[in-house]
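Coordinates in review
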Amino acid sequence: MNLFDERFSSPSLRALLALSVVFIMLGTTGWTAMRSYASAPDPRAAAMTAWLHGSVGGRRLPNPALGSDAVAHFLASLTPVQRERLAVRYPLVVGNLNGAPVPLRFEANRLSLVAARVAETKRSHSALLTAAGRQQASDRVQTYDSLLSGKRQILTFDPTGSGRVAEVLGNLDTASRVAIVVPGVDTDLLHFERTDQPYRAPLGMAQALYASERAAAPSAHTAVIAWADYTTPSGVGLDASTGELAELGAARLKALVSALPGHAPVSLFCHSYGSVLCGVAAPGLSAGKIADIAVFGSPGMRVERAADLHTQARIWAARDRTDWISDVPHLEIAGLGHGADPVSKAFGARVVTSAGADGHAGYFATGTASLANFTRIALGRYASVQLV
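What comes next concerns the included structure. Just so it is clear, the model here is predicted, and its values are computed rather than measured. (Residues numbered from 1 in each chain as written. Predicted model: local features only at pLDDT ≥ 70, side-chain atom pairs only at ≥ 80, totals over all residues. Heavy atoms only, no water.)

1. Structural notes on the nonpolar core
Judged by nonpolar contacts, the single largest core of 57 residues is most densely connected at Trp51, Leu86, Phe269, Phe364 and Phe374. Broken down by element, this core gets its largest block of residues, 6 residues, from helix 9 (residues 202–216). What Leu86 contacts, discounting residues up to four positions off in sequence, is Trp51, Val56, Leu61, Leu75, Leu78, Pro91 and Val94. In terms of nonpolar packing, the next biggest core, distinct from the first, is built from 45 residues, Val168, Trp227, Tyr230 and Leu260 among them. (Core = buried A, V, L, I, M, F, W, Y, C linked by side-chain atoms within 4.5 Å. Buried < 20%, exposed > 50% of the residue type's maximum accessible area, 1.4 Å probe, protein only. Helix = DSSP H or I, 4+ residues; strand = E, 2+ residues; numbered from the N terminus. Contact = heavy atoms within 4.5 Å.)

2. Some thoughts on the packing of helix 5 (residues 80–89) against helix 7 (residues 102–123)
In the contact formed by helix 5 and helix 7, the axes pass within 8 Å of each other and the chain directions differ by 30 degrees. Classified by the interaxial angle, the pair formed by helix 5 and helix 7 is roughly parallel. When the axes of helix 5 and helix 7 are compared, the crossing they make is right-handed. Along the contact surface, helix 5 presents Arg83, Glu84, Ala87 and Val88, while helix 7 presents Leu104, Glu107, Ala108 and Leu111. (Axes fitted to C-alpha atoms, helices over the stretch in contact; angles between N-to-C directions. Parallel < 35°, antiparallel > 145°, perpendicular 65-115°, else oblique. Left-handed = near helix turned anticlockwise from the far one by under 90°.)

3. What about the side chain of Thr232?
Along the polypeptide, Thr232 turns up in the loop between strand 6 (222–228) and helix 10 (244–259). The class of Thr232 is buried, set by a relative accessible area of 3%. Polar side-chain contacts of Thr232 include one of 3.0 Å to the backbone nitrogen of Thr187. (Polar contact = N/O pair within 3.5 Å; in protein donor to acceptor, adjacent residues only side chain to side chain.)

4. A few points about the pairing of strand 7 (residues 266–271)
The side chains of a regular strand alternate between both faces of the sheet. Here strand 7 lies mainly inside the structure; 6 of its 6 residues are buried. The two faces of strand 7 match: Val266, Leu268 and Cys270 on one face and Ser267, Phe269 and His271 on the other face are all buried. Here strand 5 (residues 177–182) pairs with strand 7 via 5 bridges, running parallel. Following the sheet pairing, Val182 is matched in strand 7 by Cys270. Inspection of the sheet shows strand 7 paired to strand 8 (residues 290–296) by 6 bridges, in the parallel sense. Looking at strand 8, one finds that His271 is bridged to Phe296. Note that the unit made of strand 7, helix 11 (residues 273–281) and strand 8 has a crossover that is right-handed. (Pairing = 2+ DSSP bridges. Right-handed = clockwise from strand over helix to strand, strands pointing away.)

5. Section: the packing of aromatic side chains
Counting across every chain of the model gives 9 aromatic pairs. Between Trp227 and Tyr230 the ring centres are 5.6 Å apart and the planes differ by 15 degrees, which places this aromatic pair in the stacked class. Taken individually, Trp227 and Tyr230 each receive the classification buried, so the pair is uniform in this respect. Judged by centre distance (5.4 Å) and plane angle (70 degrees), the rings of Phe296 and Phe364 are edge-to-face. Highlighted residues: Phe296 in strand 8 and Phe364 in the loop between strand 10 (350–351) and helix 12 (369–379), separated in sequence by 68 residues. Relative accessible area serves as the criterion here: at 1%, Phe296 is assigned to the buried category. (Phe/Tyr/Trp six-rings, centres within 6.5 Å; stacked < 30°, edge-to-face > 60°.)

6. Quick word on the pattern of salt bridges
A complete count under the given rule lists 12 salt bridges for this structure. In this structure, Arg177 engages Asp292 in a salt bridge whose closest nitrogen and oxygen atoms are separated by 3.5 Å. Placement of the pair is Arg177 in strand 5 and Asp292 in strand 8, with a sequence separation of 115 residues. Take Arg177: its relative accessible area is 14%, and that puts it in the buried class. Taking relative accessible area as the criterion, Asp292 reaches 0% and is therefore assigned buried. One network of salt bridges, with partners in common, ties together Asp158, Arg164, Asp229 and Arg252. (Salt bridge = Lys/Arg side-chain N within 4 Å of Asp/Glu carboxyl O.)

These results come straight from atomic positions and should not be treated as a statement about function.
Here's what the structure looks like:
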C-alpha cells in the first residue's frame with residue numbers, strides 16, 4: 001500500500017470524501033441558485049444607524065442589542081402617538097424590532113413594503129439595469145403586491161440582499177399554542193410563497209398547518225408563523241453542508257422566540273436545512289417555552305443523539321420514502337455534514353408516519369399523514385400522533 005492509499009483507507013476519511021463528492025455534485029448540477037442583490041445598498045443598516053442617533057420626547061432610542069425586554073419596557077413608556085411616529089419614521093427598524101408590540105410591527109412593515117414597492121417599480125424600468133435585472137425588480141414588485149394584499153400580517157421584512165420575511169397567521173397576542181415553520185435552502189423574498197403546489201414554500205406550509213389546526217380544533221386559539229427571516233444556503237452546495245448559516249439563523253430564531261408575547265407553548269417545524277438551524281438553536285431556546293421540535297427531510301441536527309440537544313422539548317422526526325435527503329450521508333467530519341440521521345432508531349427522536357408525502361417538500365400536502373401528525377403536535381394532542 002502506498003502513502004496515498006494509507007491516507008485515504010480509514011473509514012472516516014473515505015466517508016469525508018464521499019460526503020464532499022455528494023455536496024459538490026449536488027451543488028453543481030442545477031440545485032444551486034444564484035444570489036442577486038448581493039452588492040446592493042443595505043437599507044436596514046442605514047435605518048438602524050438613523051435609529052441609534054434618534055430620540056423621542058428628549059430620550060434616546062434603545063439599542064435593539066439590549067434585548068427585547070428592554071425594548072418592550074421603553075416602548076411601553078411612550079404614548080400611542082409617539083409609538084406611531086416611530087413606526088412612520090423608522091419602519092425598517094420598528095417592523096423588525098423584537099419587543100415592539102406585534103400590531104405596531106405589522107403597521108411598520110406595511111410602510112416598508114410600500115416604500116420597497118416604489119423603489120423596485122423604478123428599478124424595473126431603469127435603463128441602467130440589464131434585462132435580467134429589470135425582470136427581477138419586476139418580480140419583486142409582484143411579491144410586494146402580494147405581501148400588501150388583504151390584511152396580511154407581516155412580522156418581519158428586510159429587502160436587503162435576497163430579502164427576509166416572516167408572516168403570522170392567527171393572533172399571536174391571544175394564541176394558546178404557537179407553531180413556527182422554519183424552511184430550508186433557497187428561501188428568500190421571491191421564494192416565500194408560490195401559486196402552484198403552495199405547500200412547498202414556507203407560507204404554504206404555514207397556511208396548510210393553520211388550516212388543518214382550525215379544521216381539527218375550530219375553537220382553539222392558535223397562531224402559525226411562516227419564518228423566512230434568516231439567510232439560507234443557495235442550493236444544496238457547500239454552504240448547505242456546514243453549520244455557519246445555521247448558527248447565524250439560530251441567533252435570529254432565539255431572539256424571535258424570546259420576544260413572542262404571552263406564555264403559549266411553541267412548536268417548531270423545521271424543514272431540511274431548517275432542521276440544522278433548529279438543532280443548533282435548541283440548547284439556547286427559552287427553557288419551558290419550546291414544547292416541540294419537529295424535523296422533516298432533515299440532513300441532521302449537528303448532534304449524534306436527541307439527548308445531545310439539551311432541551312426539554314419533545315423531538316419529532318419524519319421522512320417519506322421518496323425524499324432524496326436519504327441519499328445524503330448522515331455524518332459530520334471536520335465541520336462538514338450535520339451528524340446522525342434524526343429518523344434512525346439510535347438518534348432517539350419520536351419518528352412519525354408521513355404516508356402520502358411525495359419528495360423532499362411534500363410533507364404539508366393535503367391528506368398526508370405528516371400534515372395530520374404535525375397538526376396533532378401543534379395542538380398538543382400527543383396521544384393521537386401516529387408513530388412509525
